[in-house]
Amino acid sequence: MDIQDIIKPENLVYQKTKLLTDTPMHYCPGCSHGVVHKILAELIDEMGLQDKSIGVAPVGCAVFAYNYIDIDWQEAAHGRAPAVATGISRVNPDAFVFTYQGDGDLASIGAAEIMHACNRGENILVIFINNGIYGMTGGQMAPTTLEGMVTATTPNGRNVELNGYPMRITNLIAQLPGTSYVTRQSVHTAGGVRKCKKAVKKAIQNVLDKKGTSFVEVVSTCNSGWKLSPVASNKWMEENMIPYYPLGDMKDSVKGEHSEN
Amino acid sequence: MAKVIGAVVVDKEACKGCSVCVEACPHDVLALHLEVNSKGYHYSYMQNPEACVGCANCGVVCPDTCITVYRAKAS
Ligand SMILES: Cc1ncc(C[n+]2csc(CCOP(=O)(O)OP(=O)(O)O)c2C)c(N)n1
Ligand code: SF4
Ligand code: SF4
Ligand code: SF4
Ligand SMILES: [Mg+2]
C-alpha cells in the first residue's frame, strides 16, 4: 500500500489535541515537561473540562505553562501554587483546579504550602515534576537531587552529610489524611506515558468527585541540567532515579483515611 | 490474517530533533534527517516506512507533539 493511501482522515489514530496551543514550547528538546502538558491537555479535552479547568502555574521551567494549554490559568509566586489553588478552589467548588509544580517549587521553597494544602485536603490535583534539579535557574541542587549527583551547586556530587538526603516528599504526602490518591509515574516510554495518563485521569475524576487532594509525581528528566542527551537522560533516570523513587500508587482511598504505608 | 500498516507525518518545523521518538519506535522506522529545519534541528522522518505499524508510540512520547499517526489494514 502506498503511504499516501494510509495518510487519510479515516486512518488517523493519533494527533495533537486541539487544547495544546500552536505556541512552540520553550522547553529544551526532549524535556519531560512537554509530555506531561500533553497528557493534561488530552485529558481535559477528552473529559470535556476545558471551561471548568483552572491551572496554577509555578515558578520554574513550567512558568509559561499557561501559554500552552488553552484553559484558564493563574501564575503563582514560587512555591505558592497550592495556596493560590486553595483560594481558587474554595470560591469555585465545581471547578477542576490543579497546580503544576517542579521539585524546587514544591519540595523546597513551597514545602510548607504543599504539606498544609494536602493536610487540609483541598479539592485539587497536584502535578509534581521531579527532575531532581532546579532546571530553570541553571541546574542547582534540589531537595530531590540524588546522593552523589553532580549539579551546579554540588560540583563534587551531593554530600548527604552536608546537604541532607534526597527527599521522597510524595511518601510524606501519602501519610496526610487529606490526600485521597497519591501516585508516582514516569513519561520516558510510551507505556509509561499511557500509564501516567490513566493515573492523571483518575486524579482528575477524584477532584470532580470532591475526594480531597490527588497528587501525581512524575519522575522526570532535565537533560540540560543533567548535561546528558535526551535519550541518555531517560536511561540515566531509569537506572538512577526510579530505583530511589519507585513508580506506582502509594495511596488510593478517600479523604480522612490514613494510608497504609 | 489481517495485517496493519502505518505511516506517520512529522511536523518538520516543530521538531526539536530530540530523538526520543526514534528510541521509542519498536520497528526502527524513524531516524533524524541529515538536513535541518529552519531552527537548525535535525528533524525526525520515516527512514524505513515499510516497517511502520501505526502503534503511535512515537507520537505518544514526543514532548512537542509533532507526530500524527495513521493506521490501515494492509490490502
Ligand atoms: C522567591 C524566589 N526565589 C527564588 C527564585 C529563583 N528560582 C526560579 S525557578 C527556581 C527553581 C526551579 O526549579 P524546579 O521547581 O525544580 O523547576 P524546574 O525548572 O526544574 O522544572 C528558583 C530557585 C524565584 N524565582 N523566586
Ligand atoms: S532546563 Fe531542564 S527542565 Fe527546563 S526545559 Fe530544559 S530540560 Fe526541561
Ligand atoms: S507508529 Fe509505531 S511503528 Fe510507526 S513510526 Fe511510530 S513508533 Fe514506529
Ligand atoms: S520526539 Fe518529537 S521533537 Fe523529538 S525528534 Fe521526535 S518528532 Fe522531533
Ligand atoms: Mg526541577
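Just above, that's the structure.
Presented here is a report on the structure given in the accompanying data block. (Residues numbered from 1 in each chain as written. Chains lettered and ligands numbered in written order. Predicted model: local features only at pLDDT ≥ 70, side-chain atom pairs only at ≥ 80, totals over all residues. Heavy atoms only, no water.)

## Examining the packing of aromatic side chains
Residues and elements named next belong to chain A. Across all of its chains, the model carries 7 aromatic pairs over all chains by this definition. Seen from their ring centres, Phe 96 and Phe 98 are 5.4 Å apart, and the 25° between their planes marks the pair as stacked. Each of the two residues, Phe 96 as well as Phe 98, counts as buried. Plain terms: the ring middles of Phe 128 and Phe 215 are 5.8 Å apart, the flat faces sit at 55° to each other, and that makes the pair tilted. Of the two residues, Phe 128 sits in strand β5 (residues 125–130) while Phe 215 sits in strand β7 (residues 213–219), which places them 87 residues apart along the sequence. As far as the burial class goes, Phe 128 and Phe 215 line up, both buried. The rings of Trp 73, Phe 96 and Phe 98 are connected pair by pair, giving a single aromatic cluster. Just above the ring of Tyr 244 sits the side chain of Arg 168; from NZ or CZ to the centre is 3.7 Å. Of note, Lys 202 hangs over the ring of Tyr 181, and the distance from its end group to the ring centre comes to 5.0 Å. (Phe/Tyr/Trp six-rings, centres within 6.5 Å; stacked < 30°, edge-to-face > 60°. Buried < 20%, exposed > 50% of the residue type's maximum accessible area, 1.4 Å probe, protein only. Helix = DSSP H or I, 4+ residues; strand = E, 2+ residues; numbered from the N terminus. Lys NZ or Arg CZ within 6 Å of the ring centre and 35° of its normal.)

## Overview of the interface of chain A and chain B
Between chain A and chain B, the residue contacts involve 29 residues of the former and 33 residues of the latter. Buried area between chain A and chain B, summed over both chains or domains, comes out near 2500 Å², and the portion from carbon and sulfur atoms is 68%. When residues of the side of chain A that touches chain B are traced back to their parent elements, those giving at least two are α1 (3–6), β1 (12–14), α2 (32–46), α8 (190–208) and α10 (230–244) of chain A. Direction of pairing for β1(A) relative to strand β4 (residues 67–73) of chain B: antiparallel, over a ladder of 2 bridges. Opposite A:Leu12, over in β4(B), you have B:Tyr70 as the bridge partner. (Contact = heavy atoms within 4.5 Å. Buried area = accessible area lost by both parts, 1.4 Å probe. Pairing = 2+ DSSP bridges.)

## Let's talk about α10(A)
Look at α10(A): 20 Å from first C-alpha to last across 15 residues, which is about the 21 Å you get at 1.5 Å a residue. Along its length, α10(A) shows its largest kink, about 40°, at A:Met237. Considered for burial, the residues of α10(A) that qualify are A:Pro230, A:Ser233, A:Asn234, A:Met237, A:Met241 and A:Ile242. In this structure, the buried residues of α10(A) make contact with β5, β6 (179–186), β7 and α9 (223–226) of chain A together with α1 (20–24) of chain B. (Expected span 1.5 Å × (residues − 1). Bend = angle between axes of the 7 residues up to and from the residue.)

Distances and angles like these do not, on their own, reveal function.
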